[in-house]
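Okay, here's what each chain looks like letter by letter:
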Amino acid sequence: QCFAFQAIGVFGMGLFFWGIGAVLKYSLHKPTLGFGDVQLLAVLSLFLKIQDFPFFILLTGLVGFCNFLIYRKSSYLPFVPSISLAFLITFWFK
């Protein structure tokens with residue numbers, strides 16, 4: 001692919017996830033999706049086909065929910081391990 005298309009894709013995905021984080025922050029009145037998560041999701045979108053992206057997002061949420069069930073007592077739940085594990089599963093098996 002052309003570098004320009006990849007750059008537009010990274011910018012678009014970053015803007016998309018930043019928007020999701022902003023909506024969640026203002027609707028739940030607490031920070032939910034940090035900018036590091038947004039950057040990681042945007043960069044990892046370079047390595048996935050557009051067809052695999054919905055599966056990746058669904059799997060990221062599922063892994064994040066499992067982490068929540070395991071570490072329920074914690075007040076802070078990092079999302080990067082969920083994103084990374086979902087990416088590895090999607091990249092290897094799709």
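Look above for the structure.
Calculation criteria
- Counting restarts for each chain: residues are numbered from 1 in the order of the written sequence.
- Two thresholds apply to this predicted model, a pLDDT of at least 70 for residue-level local features and 80 or more for giving and counting side-chain atom pairs, whereas whole-chain, interface and lining totals are computed over all residues.
- The side-chain figures draw on all heavy atoms in the structure; neither hydrogens nor water molecules are used.
- Two rings from Phe, Tyr or Trp (for Trp, the six-membered ring) form a pair when their centres sit within 6.5 Å of each other. Planes less than 30 degrees apart are called stacked, planes more than 60 degrees apart edge-to-face, and all others tilted.
- Between N-to-C directions, angles cover 0 to 180 degrees, with each direction set by a line fitted to C-alpha atoms, over the stretch in contact for helices.
- In this text, helices come from DSSP runs of H or I with a minimum length of four residues, and strands from runs of E with a minimum of two, each type numbered from the N-terminal end.
- Throughout, the term roughly parallel applies to angles under 35 degrees, roughly antiparallel to angles over 145, roughly perpendicular to angles from 65 to 115, and oblique to all others.
- Handedness of each helix crossing follows the sense of rotation of the near helix against the far helix: counterclockwise by less than a right angle gives left-handed, clockwise gives right-handed.
- Whether two residues touch is decided by their heavy atoms; if any such pair falls within 4.5 Å, the residues are in contact.

Caption draft 1: Local environment of the packing of aromatic side chains. One pass over the full model with this rule turns up seven aromatic pairs. For the ring pair F16 and F17, a centre distance of 5.1 Å and an interplane angle of 70 degrees mean the geometry is edge-to-face. Members of the aromatic cluster, joined through ring pairs, are F16, F17, F47, F53, F56, F87 and F91.

Caption draft 2: Structural detail: the packing of helix α3 (residues 53-70) against helix α4 (residues 80-93). The interhelical angle for the contact between α3 and α4, taken along N-to-C directions, is 135 degrees, at an axis separation of 8 Å. Taken together, α3 and α4 sit at an angle that is classed as oblique. Here the hand of the crossing between α3 and α4 comes out right-handed. Contact residues: α3 offers F55, F56, L59, T60, V63, G64 and N67, while α4 offers S82, I83, L85, A86, F87, I89 and T90.

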